[in-house]
Every structure is written in C-alpha cells, then in structure tokens.
Number of protein chains: 2
Amino acid sequence: MTDLPPTDDPRRDGLATTDSLVLVNTGDGKGKSTAAFGTMLRALAQGWSVAVLQFIKAGDWKVGEEALGRKLGVHWRALGTGFTWDSDDLDHDRRIAAEAWAEARAVIGSGDHRLVILDELTYLLTWGWVDVAEVIAVLADRPSHTSVIITGRDAPDALIEVADTVTEMRNVKHAYDRGIAAKKGLDY
Amino acid sequence: MTDLPPTDDPRRDGLATTDSLVLVNTGDGKGKSTAAFGTMLRALAQGWSVAVLQFIKAGDWKVGEEALGRKLGVHWRALGTGFTWDSDDLDHDRRIAAEAWAEARAVIGSGDHRLVILDELTYLLTWGWVDVAEVIAVLADRPSHTSVIITGRDAPDALIEVADTVTEMRNVKHAYDRGIAAKKGLDY
C-alpha cells in the first residue's frame, strides 16, 4: 500500500478538538471572499446558522452570492454601504464604520450563529476606523460555538497572531494582466 | 474624493471581454477547492449550468458540498472513488484515471455547462496518470462558453502557462500546527 495522495483531506488522528475556530483569508490574490463563501456553503450543508457581514459596499458584485445566501437562510447584512470615501467627510465614514463594527460585535456575541463571516473587515482596520485590539477582544470573548472568518488584504499581525488558521491568497497570474475584463459568474 | 479602497472588486474599464476563462487554484494552503465551490455558488446565482468532477475520493468530507450542490442542480460526479493506492495495482488505478479523464473530456466537450470544476485533477497529472498535454488540448478546444476551474497542489507549469488566472493558496498558519483537529462544517 503506498501512501495516500497529498490532497487536502483535513482530518488527522490524535488531535484535540475545538468548538470553534477563527480563520483569516488574506493576501493580494483572488479567492479570499470566494473561499469564505465556499465555507459558508459547507457550514450550511451541516445545518449551521450562518451570518455574513459585508464591511465594504459591493455595488452590484457579490449580489449573486447575497441572493443565493439569503435563499439558503443566511443572515446577510451589507454594513459598508454608507461610506462616502470623501476626505471631507471622514467623521461620517468613521461613524458608519463604528456602527458596522457594533453590529458585528452584537451578531457574534448573540451566539445565534455557528459561523459569522466578516467580509473585508481588514480594510476598516487598515484605515484605523476599527481598532484591532477591540476586534481581538471580541474574538476572544465570543461564544465558544461561534466560528469567525475574516477576509481582506493586509490582515494586521496582531490578528494573524490570534487566528487559528490563516491563508494567504497569492496572485500568480491574472486574466487582467492580459487585458481581459472580469467575467460575471466567475469573478463577480 | 479619495481613491476607492483597495478591495477586490474585479471590474475595470476598458478591457476586452471573453466568453470563458480557465482558472487554476493551486498551492499548499487551504481554500483551493473551497474557493472553487464559492465560484460554483456565484455561477449558480447567475443561472449557469455547473458540473463538478472530483478526481480524488473524498471519503466523507466534501459530502456536504456534494449534497448541497446536487440540491442546487449541479451535475456532480465523484470520479476518483475507484483508486486502490496499491502499488501492486497501478494498472488498475491508471485505467480508472483514464476513464475519469475521458468523462471529463466529454463533459467539457458537450458544451452543456458554463462552468466545469475539475477538483483535484492536478494529482493525476503529478502521478503521470493523465497527460498534461492532453488536458491542455482539451482546454484549448473547449466550447467557447465553457469556463473551467482546476484545483490541486503542484499545478504543472504548462497548465499555469495556458490558464487565464492562477491563484496560489499559501498556508500562513494552520490550527493543525497547534494540534487542533479539523472541524466539520469549516474544514470539511
């Protein structure tokens, strides 16, 4: 009998179990949100209650995921729709960010969901609109059955430190590089 | 008005469009298949017909995705269930691999699907059970409306060369490293 192939079967013997995990999908490549939505599908298939909180306005992309997610019973909230990106209006945007984070904190703390996806939260950390120490405190105090996935570029080191699993999506090659537009159904 | 944030909105102006794409998710990190299943969800949300062909037996993991995928109308085929991994039986395994690839070629060539996911195909290329030149020829000759996603570690250079978009999932940190078992609903 040869060794089993080096696929990504995540199961191993003799390991400790945990009630929940914190996962971070970061890096400049594609697939950070997409992998989170794939995990959402997996969690739904297990009968879990799932919440998705989007911290950046997605315009008309991710609308497909949202529609299908809602159809599958996901608690889906677009929290970043109010940002103006206007430097004259930074106080407004900071307030929107604080409100969005307060809602995320409440959703996590409620214990109503086995999985909470904080999509593109890292940008709010990068811009200093949400305090990473506050995020880490909420993750530490979360209900023991609630797993959290955080996506976005440039995840802060302190967040990587406390996460259980961190994946960097690295862009090896992209169709844009050859001047090809994103394709609806695949890229958004 | 400040610049828009560096999120992953894939749309840009002034680019060529294409009827379909070849995407490769490779690397040692998590999320290769998961991101493909996330894209499957996106494609389904657009009303696309989707096929998923699994080239490695998944045992009881990915069963959730399969059940939900089938429920959502995906043409889902587990083609790698017959492998013995027995070095005394290599001819048998080569034959199973050849049959699996023949089915994939037919599914792609049929034009019945806007998206065909060849999950963990790369392992069959690595072991020499399927010829990468043959795969590249089938991709080149595919119906113009059929996009293909190939997942698995160690994607051959020749495949990366012809793919439109290649993402490497890199493992920055994994719960296993701390002796924590994979979690059903998240990892499988």
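Read on for a plain summary of the structure. (Residues numbered from 1 in each chain as written. Chains lettered and ligands numbered in written order. Predicted model: local features only at pLDDT ≥ 70, side-chain atom pairs only at ≥ 80, totals over all residues.)

## Quick notes on unusual backbone geometry
Residue and element names in this part refer to chain A. Here is the rule we go by: Strands here mean DSSP runs of E at least two residues long; helices mean DSSP runs of H or I at least four residues long; both are numbered from the N terminus. Partly exposed residues are those whose C-beta has more than 12 but fewer than 20 other C-beta atoms within 10 Å; 20 or more makes a residue buried and 12 or fewer makes it exposed, with C-beta atoms placed from the backbone.
Despite not being glycine, E120 shows a phi value in the positive range, around 65 degrees. The residue D154 is not glycine, and still its phi comes out positive at about 55 degrees. Within the secondary structure, D154 is located in the loop between β5 (147-151) and α6 (157-162). Judged by C-beta crowding, with 12 C-beta atoms within 10 Å, D154 ranks as exposed.

## Considering the relation of the copies chain A and chain B
So the rule is basically this: Copy-to-copy superposition: least squares on the C-alpha atoms, limited to residues that have pLDDT of at least 70 in both copies. A residue pair is marked as a contact if its C-beta atoms, positioned from the backbone, fall within 7 Å.
Structural alignment of chain A on chain B gives an RMSD of 0.0 Å, achieved by rotating through 180 degrees and translating 0.0 Å along the axis. What the superposition gives is, in effect, a two-fold axis relating one chain to the other. Comparing interface residues between copies, 99% of those in chain A also lie at the interface in chain B; the contact surface is shared.

## Regarding the sheet that holds strand β1 (residues 22-26) of chain A
Rules: Here, any two strands with at least 2 DSSP bridges between them count as paired. Angles here are taken between N-to-C directions and fall from 0 to 180 degrees, while the axes themselves are lines fitted to C-alpha atoms, restricted in helices to the stretch in contact.
Pairing is mixed in the open sheet, where 12 strands are placed in the order β3(A)-β2(A)-β4(A)-β5(A)-β1(A)-β6(A)-β6(B)-β1(B)-β5(B)-β4(B)-β2(B)-β3(B). The open sheet terminates on both sides in strands that have one partner only, identified here as β3 (75-78) of chain A together with β3 (75-78) of chain B. This sheet shows a mean twist of 15 degrees between the axes of neighbouring strands, independent of strand direction. In terms of strand pairing, strand β2 (residues 50-54) of chain B meets strand β4 (residues 115-119) of chain B through 5 bridges, oriented parallel. Bridging from a neighbouring strand, L53(B) pairs with L118(B) of β4(B). Sheet strands in contact with helix α1 (residues 32-45) of chain A are β1, β2 (50-54), β4 (115-119), β5 and β6 (165-173) of chain A, and its direction is about 165 degrees off that of β4(A).

## A look at helix α1 (residues 32-45) of chain B
Residues and elements named next belong to chain B. Let me state the cut-off plainly: A helix is expected to span 1.5 Å multiplied by its residue count minus one.
The end-to-end C-alpha separation of α1 is 20 Å, in line with the 20 Å expected for 14 residues at 1.5 Å each. The element α1 is extensively covered by neighbouring structure, given that 13 of its 14 residues are classed as buried. Downstream of α1 by one or two residues, G47 has phi in the positive range, about 85 degrees.

## Overview of the interface of chain A and chain B
How we decide: Charged means Asp, Glu, Lys or Arg here, nonpolar means Ala, Val, Leu, Ile, Met, Phe, Trp, Tyr, Cys or Pro, and polar covers whatever is left, Gly included.
Taken together, the contact between chain A and chain B spans 74 residues of the former and 74 residues of the latter. Those elements giving two or more residues to the side of chain A that touches chain B turn out to be β1, α1, α2 (63-71) and β6 of chain A. The element that contributes the greatest number of residues to the side of chain A that touches chain B is α1(A), accounting for 12 residues. Class assignment for the residues of the side of chain A that touches chain B results in 34 nonpolar, 21 polar and 19 charged. Where β6(A) and strand β6 (residues 165-173) of chain B come together, 7 bridges link them in antiparallel fashion. Residue pairing for β6(B): K173(A) is matched across the bridge by V166(B).

## Remarks on the packing of α2(A) against α1(B)
This is how the line gets drawn: Any angle that falls under 35 degrees is termed roughly parallel, while one over 145 is termed roughly antiparallel, one within 65 to 115 roughly perpendicular, and all others oblique.
Relative to each other, α2(A) and α1(B) sit at 90 degrees, their axes nearing to 8 Å. Considering their axes alone, α2(A) and α1(B) lie roughly perpendicular with respect to each other. Between α2(A) and α1(B), the residues in contact are G64(A), E65(A), A67(A) and L68(A) and L41(B), R42(B), L44(B) and A45(B), respectively. Residue classes in the contact of α2(A) with α1(B) are distributed as 5 nonpolar, 1 polar and 2 charged.

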